[in-house]
Amino acid sequence: MALREILIVPDPRLKQKSAPVEGVDDELRALMDDMLETMYAAPGIGLAAIQIGVPQRVIVMDLARQEEEKAPRFLVNPQILWTSEETVPYEEGCLSVPEIFDEVERPARVRIRYLDYHGKAVEEDAEGIFAVCVQHEMDHLDGVLFIDHLSRLKREQAVKKVKKQAKAA
Ligand code: K1U
Ligand code: ZN
C-alpha cells in the first residue's frame, strides 16, 4: 500500500469526468487500498480516485466513528437509481478544498448500485451521512466539487483562501 498525493483546487484534473472501470481485478484493488490508506491518513471519511489523479469511477469511504471498528466501503462504477424529494442541509468539507466548510442541500435518501471490492454487484439505500458522502463523492466522478453548489462569490472566496494557504505553506 502507498500514500498518494491529494490534488487541491484549482487543479484542473479535479474538473474532469472519470471513466467507468472495465472490471475489478488485483490492480484495481491495489488502487483502492492506496486510496483507503490515503483517506485514513488525511484524515477523511471518503475519497474519489480523481482526487489522487486517477480518472476512474472509484470511491472509498469509511463512516465509522473514531471509537468504532474500521468499516471501509469500496464503490466501483456507482450509479444513483433513485433520490428522495426531501432534501437535507449538511456542513460539508473536502480534502481537495482544505479548511473550507459550508452547507450543501442534497436529497436526504438515495438508492445506489455499485460493484464492491470483489466485483460483486450491490444495490442499497443510503441515508444520513452515508447519503451525503456518497453524493459528494459521486459528484467528484463528474468533476463537480461541493463548492460548485455554493454561490459564485462563496466559491471564488474559497478557492482564493486555499491558494493563499498554499502560498503560505
Ligand atoms: O474530499 C472528500 O471527498 C472527503 C470528504 C468527504 C465528505 C465530508 C463531509 C461531507 C461530505 C463528504 C472528507 O472526508 S472531509 C473531512 C471530514 O469530513 C472528516 C475528517 C475527519 C473526521 C471526520 C470527518
Ligand atoms: Zn471531496
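See above for the structure.
Caption draft 1: Representation of the site of ligand 1. For ligand 1, the set of nearby residues contains 14 residues, the closest of which are Ile45, Gly46, Gln51, Leu95 and Glu137. Between leucine 95 and ligand 1, the recorded distance is 2.7 Å, taken from a backbone N or O atom to an oxygen atom. Contact between ligand 1 and histidine 136: an oxygen atom at 3.1 Å from a side-chain N or O atom of the residue. At a threshold of 2 Å from the grid points, most atoms of ligand 1 map onto the largest pocket. Looking at the shell around ligand 1, the elements that each hand over two or more residues are β4 (87-92) and α2 (128-141). With four residues, the single largest contributor to the shell around ligand 1 is α2. The class makeup of the residues in the shell around ligand 1 is six nonpolar, six polar and two charged.

Caption draft 2: Just the coordination of the zinc ion (ligand 2), in detail. Bound to the zinc ion (ligand 2) are the protein donor atoms Cys94 (SG), His136 (NE2) and His140 (NE2), situated 2.1 to 2.3 Å from the metal. In primary sequence terms, the donor set of the zinc ion (ligand 2) follows C-x41-H-x3-H. Note that cysteine 94 is positioned in the loop between β4 and β5 (102-107) and histidine 140 in helix α2, a separation of 46 residues in sequence. The same class applies to cysteine 94 as to histidine 140, namely buried.

Caption draft 3: Quick look at the layout of surface pockets. Quantified by volume, the largest pocket comes out at close to 450 Å³. What lines the largest pocket is a set of 25 residues, and nearest its centre among them are Gly44, Ile45, Glu92, Gly93 and Cys94. Going through the elements one at a time, β4 and α2 are the ones with two or more residues in the lining of the largest pocket. Per element, the largest residue contribution to the lining of the largest pocket is six residues, and it comes from α2. A per-class count over the lining of the largest pocket returns 15 nonpolar, six polar and four charged.

Caption draft 4: Expanded view of the side chain of histidine 140. What makes histidine 140 buried here is its relative accessible area of 1%. Of the polar contacts made by the side chain of histidine 140, one reaches the side chain of glutamine 51; its length is 3.5 Å. In this structure, histidine 140 is in contact with Gln16, Ala48, Ile50, Gln51, Cys94 and Leu145, ignoring residues within four places of it in sequence.

Caption draft 5: The sheet that holds strand β3 (residues 72-83), seen in detail. Spatial ordering of the open sheet is given by β1-β2-β3-β6-β7, a layout of five strands whose pairing is antiparallel. At either end of the open sheet lies a strand with only one pairing partner, and these are β1 (46-48) and β7 (121-127). Averaged over all pairs of adjacent strands, the angle between strand axes in this sheet comes to 40°, irrespective of strand direction. Relative to β3, strand β2 (residues 58-62) runs antiparallel, the two sharing five bridges.

Caption draft 6: Expanded view of the environment of aspartate 25. Along the polypeptide, aspartate 25 turns up in the segment before α1 (26-41). Taking the relative accessible area as the measure of exposure, aspartate 25 reaches 38% and is therefore partly exposed. Between the C-alpha atoms of aspartate 25 and alanine 2, which are 23 residues apart in sequence, the distance is 18 Å. A polar atom in the side chain of aspartate 25 sits 2.9 Å from the backbone nitrogen of leucine 28.

Caption draft 7: Spatial organisation of the side chain of serine 18. Along the chain, serine 18 falls in the segment before α1. Excluding anything up to four places from it in sequence, serine 18 contacts Ile50, Pro55, Gln56, Arg57 and Leu141.

Thresholds, definitions, all that
- Residues numbered from 1 in each chain as written.
- Chains lettered and ligands numbered in written order.
- Predicted model: local features only at pLDDT ≥ 70, side-chain atom pairs only at ≥ 80, totals over all residues.
- Heavy atoms only, no water.
- Near = heavy atom within 4 Å.
- Polar contact = N/O pair within 3.5 Å; in protein donor to acceptor, adjacent residues only side chain to side chain.
- 1 Å grid on protein atoms, 1.4 Å probe; cavity = no way out; pocket = protein on both sides within 12 Å on 5 of 7 lines; lining within 4 Å.
- Sits in = over half its atoms within 2 Å of the grid points.
- Helix = DSSP H or I, 4+ residues; strand = E, 2+ residues; numbered from the N terminus.
- Nonpolar A, V, L, I, M, F, W, Y, C, P; charged D, E, K, R; others polar.
- Donors = N, O, S within 2.8 Å, 3.2 Å for Na, K, Ca; no water.
- Buried < 20%, exposed > 50% of the residue type's maximum accessible area, 1.4 Å probe, protein only.
- Points joined across faces, edges and corners; volume = space filled by probe spheres on them.
- Contact = heavy atoms within 4.5 Å.
- Pairing = 2+ DSSP bridges.
- Axes fitted to C-alpha atoms, helices over the stretch in contact; angles between N-to-C directions.

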